[in-house]
Amino acid sequence: MVPPTLNVKKIDKNSKKRQALQQRQRVNNNNNNNNSNNNNNNNNNNNSSSLKNETDLKKQQKQNEIKQQKVNLPVFSARDALLENIRKHPTVVIISETGTGKTTQIPQFLREDGWTKNGVIAITQPRRVAAISIAKRVAEEIDVELGKEVGYCVRFDDKTSEQTKLKYMTDGMLVREAMIDPMLKRYSVIILDEAHERTLNTDVLFALIKGIQAKRPSLHIVIMSATLDAEMFSRYFNAAPILYIEGRQFPVRIYYCEESQKDYLDAALVTVLQIHLDVNNGNESNSNEDDGNGGDILVFLTGREEIDTLEKLLNERIPRLPSTAKQLLVCPIYSAMPQEQQMKVFERAPKGTRKVIIATNIAETSLTINGIRYVVDTGVVKSRLYNAKIGIDTLTVIPISKASAQQRTGRAGREFPGQCYRLYTEDTFAKLDHSSIPEIKRSNIANVILQLKTIGIDDVLSFDFLERPPLPTVQKSLEQLYCLDALDKQGKLTDLGKRMSQFPLEPMYSKTLIQSQEFGCVEEVIIIISMLSVESIFYAPKDKLAEVEAIKKIFFSPEGDHLTLLNVFREYQKVNGNLQWCYDHFINTKSMVKVVNVFEQLVEYCTNSKIKLTSCQSETEQVRRCFITGFFLNVAVLQPDKKYKTMADNREIHIHPTSFLFDVKPQYILYNELTITSKPFARNVIPIEPTWLPELCPKYYGSKPVATAAAAEPQK
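What you are looking at is a predicted structure, and each value in this text was computed from that prediction instead of being measured. (Residues numbered from 1 in each chain as written. Predicted model: local features only at pLDDT ≥ 70, side-chain atom pairs only at ≥ 80, totals over all residues. Heavy atoms only, no water.)

Draft legend 1. Structural context of the pattern of salt bridges. Overall, the coordinates contain 34 salt bridges when judged by the stated rule. In this structure, the salt-bridge partner of Glu112 is Arg79, at a minimum N-O distance of 3.0 Å. Taken together, the positions of Glu112 in helix H3 (residues 102-112) and Arg79 in helix H2 (residues 79-88) put the pair 33 residues apart, joining distant regions of the chain. Classification of Arg79 by relative accessible area gives partly exposed; the value is 21%. The partner of Lys441 in a salt bridge is Glu467, with the nearest N and O atoms 3.4 Å apart. Within this pair, whereas Lys441 is found in the loop between helix H13 (426-431) and helix H14 (446-455), its partner Glu467 is found in the loop between H14 and helix H15 (471-483), the two being separated by 26 residues in sequence. The exposure class of Lys441 is partly exposed, given its relative accessible area of 38%. (Salt bridge = Lys/Arg side-chain N within 4 Å of Asp/Glu carboxyl O. Helix = DSSP H or I, 4+ residues; strand = E, 2+ residues; numbered from the N terminus. Buried < 20%, exposed > 50% of the residue type's maximum accessible area, 1.4 Å probe, protein only.)

Take a look at the structure:
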């Protein structure tokens, strides 16, 4: 018999000792791991702390740099005198050249002096680009988040909050606020900057705030101008004191052309390249350029098309420059450009690079750009002119004034001696007007009248304008508002007129939008107005023009530009704004982002006005009919010679080459805008039927069908 096998556990006398050792080893390992982790954590904390310290140091350095820059500004030495005068007088007029720091610093002086305890300080600007860029700079100087204590408010873009105490805004936005709050009670100080520009809204504000101050003496007014037209402002504001802030102007050498230039764009191109190459070849004694002290060129043109053209021409020639020449960096700036791109003009050029800034007259006084040593002045500006006889607004290229020429020249002498190349003769300069004609004397004031009547000012003729608008302009604007059904026969605001005034649009657009309810095309009209709010939806690279034209045909509608733009928006919606789709179809994504923003805000306005968002679907004829209700004056008829004549005044015009109907030539067209450059060009064109005119606008076209180019007299 085999005894059963037993599982015997061998007893090891050293096992307990070994277990104890293993336990201690595990503990030590854990301690080592913990120590290692602690060390790593400490290292991470140290790194994090080091990074934080480095960030804090950079931030402190930046603030110290800003502080030093502020102290060095000419306005700084005038701080105490400015504050004393503002405390003592209800209104002061400040005259100062561009670049002294008045726009950024005086609001900060007032903030430091306690003026924001009793209300907001408003600083108006004629241009949205200036309002936005200055607000950003001031927020950076005070070291606060933009939109909190410092903010801006421009049409379709409000970056303010309940905490905002320094509010940079376009003059038009403050006029709109006065329609809601006629006493502007939230403001302790109103600063009207760039008063010399005399925009329509600035002139309206002069009278409004003067009247408010008479009823609310606690309101203080500061008028700031860059030109010496102070006496007029002082007299208007009851002999307000005039304060002068002396700038630092270096000498500027002025060059004239020996003969008039037929093509100022080509002359500007040649001049820029000559300046660049002459300096590089040592023909100009500006040795300081290489030490980073500037040497940039500023070119003045009239608008986006010219700016885009010169930008392309320069970029084409840059690769052909001598290898020894500095690099050229082309920086365009105009109001419709996306903010991110606008900011590039303020950045210092990299070493070994010269900036060429191509700008409209926005760079005359509204913006201060450092590093400018050379100015190229084409001597022209695009201006809106109103023909009161026929009631038509046109954008026309006209000569600048002597005051504007001097402002442009001054841009070259802010930081160091400079040079200005005037692309016109000395004789031409001598014949220029002393100053620009204020907008109030050359513009349609229908929108101003609508705003004033909304505020409760019925007698427009006796309104306390700084300079009165011409009587024919007032009469024609009143007549236009009557034809738009905004005013009744007695000149009183109608219910439709009140509704029109609620929209941040010109009367023709607001009438069209409100009428779109009756035509069942509210959504389409909002989209089209939004698309028309930007200058260009398509971009066209020089080497892909044929491709761009082929792509445009995808969106083409035989019903004209408005419906073609509608197609673009619809397709953009379908792909949810896909960037690759935009790139493939040459769509400007920045412009479309702005369009969507305007669209959303107009939808909100419609909701507040109880306008339902209806759609006409495929019945797009309704859209064309609807636009006649607002733009009945802008109609032209095709002539046997294939040119158009306007029905309002029998003027010969042409469809602009950028229109989708350029080669189509419909018999009757309606256009949104008339631009006069080499020829009078109609922009944004749709075909219409002549029978629609008396049906939809009987006050202007009577009750009979229109069959000729001569318009009926308005029926009163």
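From this point on, the discussion continues.
Draft legend 2. Representation of helix H9 (residues 304-317) within the structure. Across its 14 residues, H9 extends 20 Å between first and last C-alpha, which sits within 8% of the 20 Å expected from 1.5 Å per residue. For H9, the complete set of buried residues consists of Arg304, Glu306, Ile307, Leu310 and Leu314. One side of H9 holds all its buried residues, which, seen down the axis, span an arc of 160°. (Expected span 1.5 Å × (residues − 1). Arc of directions from axis to C-beta.)

Draft legend 3. Structural view of the environment of Asn650. Position of Asn650 among the secondary structure elements: in the loop between strand S18 (644-646) and strand S19 (652-655). On a C-alpha basis, the gap between Asn650 and Val637 in space is 9.2 Å, while along the polypeptide they are 13 residues apart.

Draft legend 4. Fine view of the packing of aromatic side chains. Using the criterion set out here, one finds 20 aromatic pairs in the structure. Geometrically, the ring pair formed by Tyr256 and Tyr424 is edge-to-face, given 6.4 Å between the ring centres and 70° between the ring planes. Within this pair, whereas Tyr256 is found in strand S9 (residues 252-256), its partner Tyr424 is found in the loop between strand S16 (418-422) and H13, the two being separated by 168 residues in sequence. Overall, the relative accessible area of 27% leaves Tyr256 in the partly exposed class. The class of Tyr424 is buried, set by a relative accessible area of 7%. Geometrically, the ring pair formed by Tyr700 and Tyr701 is edge-to-face, given 5.0 Å between the ring centres and 75° between the ring planes. (Phe/Tyr/Trp six-rings, centres within 6.5 Å; stacked < 30°, edge-to-face > 60°.)

Draft legend 5. Up close: the sheet that holds strand S12 (residues 353-359). In space, the 6 strands of this open sheet follow the order S9-S16-S13-S10-S12-S11, with parallel pairing throughout. In this open sheet, the two strands that pair with only one neighbour each are S9 and strand S11 (327-333). Across the sheet, the mean angle from the axis of one strand to that of its neighbour is 20°, orientation sign disregarded. Pairing analysis gives 5 bridges linking strand S10 (residues 296-300) to strand S13 (residues 372-377), with the strands arranged parallel. (Pairing = 2+ DSSP bridges. Axes fitted to C-alpha atoms, helices over the stretch in contact; angles between N-to-C directions.)

Draft legend 6. Summary view of the nonpolar core. With 117 residues, the main nonpolar core has Ile190, Phe206, Ile223, Met531, Ile537, Phe627 and Ile688 as its most contacted residues. Ignoring anything within four residues of it in the chain, the contact list for Ile537 reads Met531, Leu565, Val568, Phe586, Ile587, Asn588, Ser591, Met592 and Val595. If you look at the next biggest cluster of nonpolar residues, it comprises 49 residues, including Leu83, Leu166, Tyr168 and Val189. (Core = buried A, V, L, I, M, F, W, Y, C linked by side-chain atoms within 4.5 Å. Contact = heavy atoms within 4.5 Å.)

Draft legend 7. Layout of the side chain of Gln213. Relative to the assigned elements, Gln213 resides in helix H6 (residues 200-215). Of note is the side chain of Gln213, whose polar atom sits 3.2 Å from the side chain of Thr91. Apart from residues no more than four positions distant in its own chain, Gln213 is found in contact with Pro90, Thr91, Leu219, His220 and Ile221. (Polar contact = N/O pair within 3.5 Å; in protein donor to acceptor, adjacent residues only side chain to side chain.)

Draft legend 8. Focus on the pairing of strand S21 (residues 680-687). Counted residue by residue, S21 has 7 buried out of 8 residues, so it is predominantly covered. Note: S19 against S21, 2 bridges, orientation parallel. Counterpart to Ile655 in the pairing with S21 is Ala682. In the sheet, strand S20 (residues 668-676) pairs with S21 via 7 bridges, with the strands oriented antiparallel.

Draft legend 9. Geometry of the side chain of Ser591. Along the chain, Ser591 falls in helix H22 (residues 589-608). Once residues within four sequence positions are removed from consideration, Ser591 is found in contact with Val534, Ser536 and Ile537.

Draft legend 10. Structural view of unusual backbone geometry. Of note, the phi angle at Arg198 is positive, near 50°, even though the residue is not glycine. Residue placement: Arg198 occurs in the loop between strand S6 (187-192) and H6. Unlike most non-glycine residues, Phe586 shows phi in positive territory, near 55°. Phe586 gets classed as buried once you look at its relative accessible area, which sits at 6%.

Draft legend 11. Molecular detail of the sheet that holds strand S7 (residues 220-225). Pairing within the open sheet is mixed, and its 8 strands lie in the order S4-S3-S5-S2-S6-S7-S1-S8. Both edges of this open sheet fall to strand S4 (157-159) and strand S8 (242-245), since each of them pairs with a single strand only. Shown here is a sheet whose adjacent strand axes are inclined to one another by a mean of 20°, direction ignored.

Draft legend 12. A look at helix H17 (residues 507-519). The terminal C-alpha atoms of H17, which comprises 13 residues, lie 18 Å apart, in line with the 18 Å expected from a rise of 1.5 Å per residue. Here H17 lies mainly inside the structure; 11 of its 13 residues are buried. Turning to H17, its buried residues number three or more, namely Pro507, Met508, Tyr509, Ser510, Lys511, Thr512, Leu513, Ile514, Gln515, Ser516 and Phe519. Of the residues flanking the end of H17, it is Gly520, one or two places downstream, whose phi is positive at about 65°.

Draft legend 13. Here's a closer look at the environment of Lys552. Positionally, Lys552 belongs in helix H19 (residues 545-555). Between the C-alpha atoms of Lys552 and Ile587, which are 35 residues apart in sequence, the distance is 9.8 Å. With sequence-adjacent residues up to four places away left out, Lys552 is seen in contact with Phe538 and Phe660.

Draft legend 14. Geometry of the packing of H14 against H15. Close contact between H14 and H15 brings their axes to 9 Å; oriented N to C, the two are set at 70°. If you check the angle between H14 and H15, you find them roughly perpendicular. Between H14, through Ala446, Ile449, Leu450 and Lys453, and H15, the contact on the second element is made entirely by Val474, Ser477, Leu478, Gln480 and Leu481. Split by residue class, the contact of H14 with H15 holds 6 nonpolar, 2 polar and 1 charged. (Parallel < 35°, antiparallel > 145°, perpendicular 65-115°, else oblique. Nonpolar A, V, L, I, M, F, W, Y, C, P; charged D, E, K, R; others polar.)

Draft legend 15. Local environment of the state of the cysteines. Across all of its chains, the model carries 0 disulfides by this definition. Free of any disulfide, Cys697 has its nearest cysteine sulfur in Cys483, 8.3 Å distant. On the accessibility criterion, Cys697 (7% relative accessible area) is buried. (Disulfide = S-S within 2.5 Å.)

Draft legend 16. The packing of helix H5 (residues 171-180) against H14, seen in detail. Between H5 and H14, the shortest axis-to-axis distance is 8 Å and the interhelical angle comes to 30°. Here H14 runs roughly parallel to H5, going by the angle between their axes. Where H5 crosses over H14, the handedness of that crossing is left-handed. Contact residues: Val175, Arg176, Ala178 and Met179 in H5; Gln451, Thr454 and Ile455 in H14. Along the lines of polarity and charge, the residues of the contact of H5 with H14 split into 4 nonpolar, 2 polar and 1 charged. (Left-handed = near helix turned anticlockwise from the far one by under 90°.)

Draft legend 17. Broad picture of the confidence of the model for the chain. With 88% of its residues at a pLDDT of at least 70, the chain reaches an overall mean of 87. When the criterion is pLDDT under 50, residues 1-28 qualifies, and its contacts beyond four places in sequence or with other chains add up to 1 contact. This model gives residues 708-716 a pLDDT under 50, and the stretch forms 27 contacts once residues within four places in sequence are excluded. (pLDDT = per-residue confidence, 0-100.)

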